[in-house]
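One-letter residues, chain by chain:
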Amino acid sequence: MTADKGAGTMRALIHPAFGDPAAVLAVEERPLPDPGAGQVRVRTLLSPIHNHDLWTVRGTYGFKPSLPAPAGTEALGVVDALGDGVDTLAIGQRVVTGGTFGVWAEYFVANAAGLIPVPDALPDEAAAQLVSMPFSALSLLHSLDLNEGDWLIQNAANGAVGRMVAQLGAARGINVVGLVRRAAGVDELRAQGIERVIATDGDGWRDELAAITGGAPITVGIDSVGGSSAGDVLSTLAVNGTLVVFGAMASPTLELASGDVIFKQATVKGFWGSVVSKEMAADVRAVLFGELIARVSDGTLTLPVAGTFGLDEIGAAVAASDSPGRVGKVLLRP
C-alpha cells in the first residue's frame, strides 16, 4: 500500500439509531481505514446530501444498514492510498463515487474500479454532484429509447432530477414538458432557460399542454411525486405510452385511473438508478459519463450549490436540504 498513514483516526458522521437525521447523526472518531486489494483510500473533499441518504438514516429506504451506521453515498475526493494491485489510479488524483456507503467522513475506502477520475477543468462543486443525480437522469433518458423530436412529460420538474432531465433531454433533441405544482416554479425554471413548464394549480393546464405540444403524442411520462400527480402524468400520454416511476416525493401510492391504463394500453414501470448503474455495461457507462462531463463543461447542464456545511453542522445542513424551493444541492465539507 502506498502513502500509508499508519494507525490513526478520522472524523465521521455516525448514527446509533434510525430517526431524524438532524437528531441522530453526530461526528465520532473512527479508525482510519486501510484499502484492501483492488481498493483505494480517498480523502473526502465534498459530499452532497441526497434524499436517499436521509431516508437511509431514517430507516425508510430500500437499503437498511446495521447500526451504528455511517452515512452518505456520493463524494468527490483525492486518492490518498492505493491497495495491492491498483494501477489505474494515482495518489493525488481527484475521483468521484456515487455508490460508496459511508462517505460522510474525512476518508473512505472504495473499490478502484468503481471510482471515476475527474478532469482538471471541472470545479469541485460540480464534480461532487456528478454521479448520483445527473447520472441517474441521463441513464433514465438513455433507457427510454427516445428519438430526436419525441415528446416526454414529467412532474416535479423543478426538482434536481427534473431540471437535469429537461437540460439533458433538450441537448439530445427530446421535447421535454415539465409539470410543477405552483406558478412560482415556472418562473424558477424559466430563469434557468427551461421554457416548457406548466403549473398544475390552475384549471387550464391541460389546454396549455396541448398548445405547447401542438397535439403531438407524448410517449413517455416520468413520475417523481406519486399520488394523484402520477395519474395526471399518465392521463396525458398517448396510446401505448409508458409511465416511469422514479420517485415518491408526496405519496408512496400511485393513484392511476384504470381507464387510462387499459384503454391507453399503458406500461407502468419503475426505475432505480443505483441498480441500473450497477448492471450497466462498462462501455455504456463510460460513454454516458463522457456525455455528462461534456454537458457540465459546456454549461448545458448546470449543477448549482445551495450551501456548504462542515460535518459538525449536520443539523443545519439537513434543514437546508429540506428547505422548500431550494435550488441546488447542499454539500458537506469535512
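A.B. asks: Describe the pairing of strand β15 (residues 329–333), naming the residues involved and giving the relevant values.
C.D. replies: The buried fraction of β15 amounts to 4 of the 5 residues, a majority that puts the element mostly inside the structure. Pairing of strand β3 (residues 39–48) with β15 involves 2 bridges; the strand directions are antiparallel. Residue pairing in the sheet places P48 in a bridge with L331 of β15. Alignment of strand β14 (residues 305–310) against β15, held across 5 bridges, turns out to be parallel. By the bridge assignment for β15, T308 is matched with L331. One crossover worth recording links β14 to the parallel β15 by way of helix α12 (residues 314–321), and it is right-handed.

A.B. asks: Kindly report on helix α8 (residues 227–235), identifying the contributing residues and their values.
C.D. replies: Restricting attention to buried positions, one finds in α8 the residues G227, S229, A230, G231, V233 and L234. Against the buried residues of α8 lie β8 (151–154), β9 (175–180), β11 (218–223), β12 (242–245) and α9 (258–263).

A.B. asks: Describe the pattern of salt bridges, naming the residues involved and giving the relevant values.
C.D. replies: Under the criterion given, the structure shown has 9 salt bridges. Here D80 makes a salt bridge to R41, at a shortest N to O gap of 2.7 Å. With a gap of 39 residues between them, D80 in strand β4 (residues 75–82) and R41 in strand β3 connect regions that are remote in the sequence. Judged on exposure class, the residue D80 and its partner R41 are both buried. Close ionic contact of R58 with D322 constitutes a salt bridge, the shortest N to O distance being 3.7 Å. Here the residue R58 occupies a position in helix α2 (residues 51–58), and D322 occupies one in the loop between α12 and β15, the gap between them amounting to 264 residues. The class for R58 is partly exposed, based on a relative accessible area of 31%. One salt-bridge network, held together by shared partners, links D34, R41 and D80.

A.B. asks: So what's going on with the pairing of β8? Residues and values would help.
C.D. replies: Alternating positions in β8 separate into two faces, W151 and I153 on one and L152 and Q154 on the other, with burial throughout. Where β8 meets β9, 4 bridges bridge the pair, whose relative direction is parallel. For I153, the partnering residue across the bridge sits in β9 and is V177. In the classification by handedness, the crossover that spans β8, the intervening helix α5 (residues 160–171) and the parallel β9 is right-handed.

So, how was this worked out
Residues numbered from 1 in each chain as written. Predicted model: local features only at pLDDT ≥ 70, side-chain atom pairs only at ≥ 80, totals over all residues. Heavy atoms only, no water. Buried < 20%, exposed > 50% of the residue type's maximum accessible area, 1.4 Å probe, protein only. Helix = DSSP H or I, 4+ residues; strand = E, 2+ residues; numbered from the N terminus. Pairing = 2+ DSSP bridges. Right-handed = clockwise from strand over helix to strand, strands pointing away. Contact = heavy atoms within 4.5 Å. Salt bridge = Lys/Arg side-chain N within 4 Å of Asp/Glu carboxyl O.

Geometric descriptors of this kind do not, in isolation, establish any biological role.
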